[in-house]
Amino acid sequence: MKLSFRWYGKEDKVTLENIRQIPGMHSIVTAVYDVPVGEVWSRESIAELKKQTEEAGLHFEVIESVPVHEDIKLGKPARDRYIANYCENIKRLAEAGIKCICYNFMPVFDWTRTQLDHVLPDGSTSLVYYQEQVDQVNPLASDSDLTLPGWDASYTREELKQVVAEYNSMSEEDLWDNLKYFLEAVIPTAASCGVNMAIHEDDPCWSIFGLPRIITCEENLDRFLKLVDDPHNGITLCTGSLGCSAENDVVKMAGKYAAMGRIHFVHARNVAVLEDNRGFEERAHLSACGSLDMFAILKALHDNGFDGYIRPDHGRMIWGETGRAGYGLYDRALGATYLNGIWEALDKINR
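One structure accompanies this document, and this report is about it. (Residues numbered from 1 in each chain as written. Predicted model: local features only at pLDDT ≥ 70, side-chain atom pairs only at ≥ 80, totals over all residues. Heavy atoms only, no water.)

## Some points on the sheet that holds strand β10 (residues 270-273)
Reasoning step 1: Strand order in the open sheet formed by four strands is β5-β6-β11-β10, with antiparallel pairing between adjacent strands. A strand with exactly one partner marks an edge of an open sheet, and here the two such strands are β5 (115-119) and β10. The average undirected angle you get between the axes of adjacent strands in this sheet is 40°.
Reasoning step 2: Relative to strand β11 (residues 279-283), strand β6 (residues 125-130) is paired through three bridges, and the arrangement is antiparallel. The residue of β11 that forms the bridge with Tyr129 is Phe280. (Pairing = 2+ DSSP bridges. Helix = DSSP H or I, 4+ residues; strand = E, 2+ residues; numbered from the N terminus. Axes fitted to C-alpha atoms, helices over the stretch in contact; angles between N-to-C directions.)

The following block contains the structure:
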């Protein structure tokens, strides 16, 4: 595997120098953040990211993410222009040495949590999702504060209502059709450039506010991979996004899709799943701290030939650190060391 770490650019409180000092670190995961969704990234911006990364002694090979414009997901007439721009971004990133692009096809809300600083029993803080709190929010009807952490702040109140209403008029099959249309256009471009596309599962992996969500479970991942049956059409296996539902066997899926060569990127995150579908809490990466057997997941990846990129996802805030929720240095560095230690042990066992 290739250990990687997300970095939000030069404004990130976690510096490239910090990241470089984590044992075994290979790659930076980043993106161009100052271009509107759907537009083409400049070669200059891409080159600057590459320069900064490589000057720090790290590899510039993974982008997370190139966002998919809502008009593509909704199947609007403008989608062909945005798809053309998307293909151009793939080409430009490939020119700079990018080998993997993470993206998602979630309607409106990239990820949803109800609190970013929930205090855990050990005094650390983490991101949580409590269903009862989500149920109190109605993006279409509320005239008060209708936002939750993680929502796209670029929408005005009325714009948010409008786009949610548009999705509410769609079925899951409509979204599947629009995803297939997108893939049939971009995967040939990615394949010609040697870039692996890695879709991220919906987070969380169930419908919220009546919106269609389709990248949620093994059955749907099987269907997704068959839409365009090409090795460059793969997945980002997010253990936390899939594992927040007790119905998903993440160990089984890790082994299955790794053996198929269709896992190009892994987000390793542990969660504690609450009883009675009440939600979940993000926890430390150690298996004992949550509901997921992180050792078994990594063993399934290792034993089935996974050699792609992996990053510790969503660390807690510990030791008084402050900053971007889920993306501090300390707990993600601990997580990286934990993941690296497991992988090194598996390598030795299999010699």
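## Points about helix α4 (residues 79-95)
Reasoning step 1: Along its 17 residues, α4 runs 24 Å from first to last C-alpha, staying within 8% of the 24 Å computed at 1.5 Å per residue.
Reasoning step 2: Along α4, the positions that sit buried rather than exposed are Arg79, Tyr82, Ile83, Asn85, Tyr86, Cys87, Asn89, Ile90, Arg92, Leu93 and Ala94.
Reasoning step 3: Here the buried face of α4 lies against α2 (43-55), β3 (59-64), α3 (70-74), β4 (100-104), α7 (172-193) and β7 (196-200).
Reasoning step 4: Of the residues flanking the end of α4, it is Gly97, one or two places downstream, whose phi is positive at about 100°. (Expected span 1.5 Å × (residues − 1). Buried < 20%, exposed > 50% of the residue type's maximum accessible area, 1.4 Å probe, protein only. Contact = heavy atoms within 4.5 Å.)

## Quick look at the nonpolar core
Reasoning step 1: Counting residues in each nonpolar core, the largest one holds 95 residues, and the members touching the most others are Tyr86, Ile101, Leu179, Phe182, Phe224 and Leu301.
Reasoning step 2: The element contributing the most residues to this core is α7, with eight residues.
Reasoning step 3: Not counting chain neighbours up to four residues away, the residues in contact with Phe182 comprise Val68, Ile72, Ile83, Tyr86, Tyr103 and Phe105.
Reasoning step 4: Formed by seven residues, the second largest nonpolar core is a distinct cluster that contains Val29, Cys100, Ala198 and Tyr309. (Core = buried A, V, L, I, M, F, W, Y, C linked by side-chain atoms within 4.5 Å.)

## Some details on the packing of aromatic side chains
Reasoning step 1: Applying the stated rule across the entire model yields eleven aromatic pairs.
Reasoning step 2: With a centroid separation of 6.3 Å and 75° between ring planes, the pair formed by Trp206 and Phe280 is classed as edge-to-face. Taken together, the residues Trp206 in the loop between β7 and α8 (218-227) and Phe280 in strand β11 connect sequence positions 74 residues apart.
Reasoning step 3: Among the residues examined, Phe280 registers a relative accessible area of 0% and is labelled buried.
Reasoning step 4: By way of ring pairs, the aromatic residues Tyr86, Tyr103, Phe105 and Phe182 are connected into one cluster.
Reasoning step 5: Over the face of the ring belonging to Tyr309 we find Lys2, whose NZ or CZ atom lies 5.3 Å from the ring centre.
Reasoning step 6: One residue, Arg81, lies across the ring of Tyr82, its end atom 4.4 Å from the ring centre. (Phe/Tyr/Trp six-rings, centres within 6.5 Å; stacked < 30°, edge-to-face > 60°. Lys NZ or Arg CZ within 6 Å of the ring centre and 35° of its normal.)

## Focus on the side chain of Thr53
Reasoning step 1: Tracing the sequence through the fold places Thr53 in helix α2.
Reasoning step 2: On the basis of relative accessibility, which here comes to 0%, the residue Thr53 falls in the buried class.
Reasoning step 3: In contact with Thr53, not counting residues within four places along its chain, are Leu16, Ile28, Leu58, His59 and Phe60.

## Here's the deal with the sheet that holds strand β8 (residues 233-238)
Reasoning step 1: The parallel closed barrel is built from eight strands, whose spatial order is β1-β2-β3-β4-β7-β8-β9-β12. For this sheet, the mean angle separating the axes of adjacent strands, direction not counted, is 30°.
Reasoning step 2: Pairing between strand β9 (residues 263-268) and strand β12 (residues 309-312): four bridges, direction parallel. Each residue of the ladder has a partner; that of Ala268, found in β12, is Pro312.
Reasoning step 3: Running at roughly 135° to β12, helix α12 (residues 330-349) makes contact with β1 (2-6), β9 and β12 of the sheet.

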